[in-house]
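Read off the chains here:
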Amino acid sequence: MIRTVKPKNARSKRALDKKEAKLVENVKKALFVPGQTSNKLLHDLMIDLSALKKPDIKRFERKNDVHPFEDTSKLEFFSEKNDCSLLVLGTNSKKRRNNLTFIRTFGYKIYDMIELMVLENYKLLNDFKKLTFNVGLKPMFTFQGAAFDTHPVYKHIKSLFMDFFRGETTDLQDVAGLQHVISLSIAGDFQEGETLPNVLFRVYKLKTYKSEQGGRKLPRVELEEIGPRLDFKIGRIHAPSADMEREAMKRAKQLELRTIKNVETDSMGDKLGRIHLGKQDLNKLQTRKMKGLKSRFDQTDADEEEYLEDDEAYLNADDNEEDSYGEDFVTADDLEEDENEPATKKQKK
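Each value, and the rule that gives it
- Residues numbered from 1 in each chain as written.
- Predicted model: local features only at pLDDT ≥ 70, side-chain atom pairs only at ≥ 80, totals over all residues.
- Heavy atoms only, no water.
- Core = buried A, V, L, I, M, F, W, Y, C linked by side-chain atoms within 4.5 Å.
- Buried < 20%, exposed > 50% of the residue type's maximum accessible area, 1.4 Å probe, protein only.
- Contact = heavy atoms within 4.5 Å.
- Helix = DSSP H or I, 4+ residues; strand = E, 2+ residues; numbered from the N terminus.
- Polar contact = N/O pair within 3.5 Å; in protein donor to acceptor, adjacent residues only side chain to side chain.
- Expected span 1.5 Å × (residues − 1).

*Asks:* Can you tell me about the nonpolar core, naming the residues and giving the values?
*Replies:* By size, the foremost hydrophobic cluster in this structure holds 37 residues, and its most contacted members are Leu49, Leu100, Phe102, Ile157, Phe201 and Phe232. Phe201 has contacts with Leu49, Leu52, Phe161, Phe165, Ile182, Ser183, Leu184, Pro228, Arg229, Leu230 and Phe232, leaving out every residue within four places of it along the chain. Core analysis: the second largest hydrophobic core is formed by eleven residues, Leu31, Val66, Ile103 and Ile110 among them.

*Asks:* Which residues make up the side chain of Asn98, and what values do they have?
*Replies:* By the secondary structure assignment, Asn98 is in the loop between strand S3 (86-91) and strand S4 (99-106). Of the residues examined, Asn98 reaches a relative accessible area of 4% and is grouped as buried. At a separation of 3.2 Å, a polar atom in the side chain of Asn98 contacts the side chain of Asn39. Not counting residues within four places of it along the chain, the set of residues in contact with Asn98 comprises Asn39, Leu41, Leu42, Thr91, Asn92, Leu116, Met117, Val118 and Glu120.

*Asks:* So what about helix H2 (residues 40-53)? Which residues, and what values?
*Replies:* The end-to-end C-alpha separation of H2 is 20 Å, in line with the 20 Å expected for 14 residues at 1.5 Å each. Counted residue by residue, H2 has ten buried out of 14 residues, so it is predominantly covered. Burial in H2 covers these residues: Leu41, Leu42, Asp44, Leu45, Met46, Asp48, Leu49, Ser50, Leu52 and Lys53.

*Asks:* Account for the environment of Glu225, naming residues and giving values.
*Replies:* Relative to the assigned elements, Glu225 resides in strand S11 (residues 220-225). Judged by its relative accessible area of 16%, Glu225 is buried. For Glu225 and Thr132, which are 93 residues apart along the polypeptide, the C-alpha to C-alpha distance reads 9.8 Å. Once you skip the residues sitting within four places of it in the chain, Glu225 turns out to touch Phe128, Lys130, Arg202, Val203 and Tyr204. A polar contact is formed between the side chain of Glu225 and the side chain of Arg229, at a distance of 2.9 Å.

Given below as structure tokens:
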């Protein structure tokens, strides 16, 4: 039987409403938990990482006896109690020194885990002593290395850090909000069967300077490291099961875009539609118009119509009809007969 919790007051009702399933999920919060064997370095590292994640964080001050790869019940309880789907556990041992375990949950159940051990060549925010970025801004990401798109372990790390520092999803774009860059790169090449190289974690601040190129005023952008600087060695990995991964990747039907037939969107975002017409029957085409709607070039005068009728009558006339020019018309044969007649006869005439 499923246990149902009834709110006792308005405050608890609002808290339960926030935990309910939504079409668009809230910003994922991160919970930083110091383990039983945590030390000062891990405490400082979690403070620096929480500074990149602010304000969507919670941090425990007391140590907790948690072993995530042996028993996950405590972490699932912390996740549900604090409404945090991201957890970072700091532990230290002889075999795994300065170990940070990054954990993601789905439905307050452990989804995946990965251990990243911090090497000795680290630098914290205090070591740089430079101005940092404002709280709540979304970072830009750079992943240097083809393995982030091909190797399953590095694809897992890429997905984890993208999910961890993603922030709020928004359509607003403001250049002034792009102030820092989180860069992850792979230290060297490797072949299959070899030990996986370390992951280098760097954070840079964007700085723009005035400059002119080709007569145009374009800002010159430079990157300045602000910390923290961490080199991670990859440890144990817990991948999600196929059923849980399939359940977590589901999308609500309300969020799916319905495809409309014969409607497309081009690269510029303009909507284009295609219309199909049947074969046109020109015999049924209406061509008659009212006289008042005709143009003056289509209208003919009465005199012009009479002239056309006379031309048709002339062309259809019989060839044997007597010429209309009369008796005064003289042909060439008549002229020759007149020349052959004697002069006396001509005179008599």
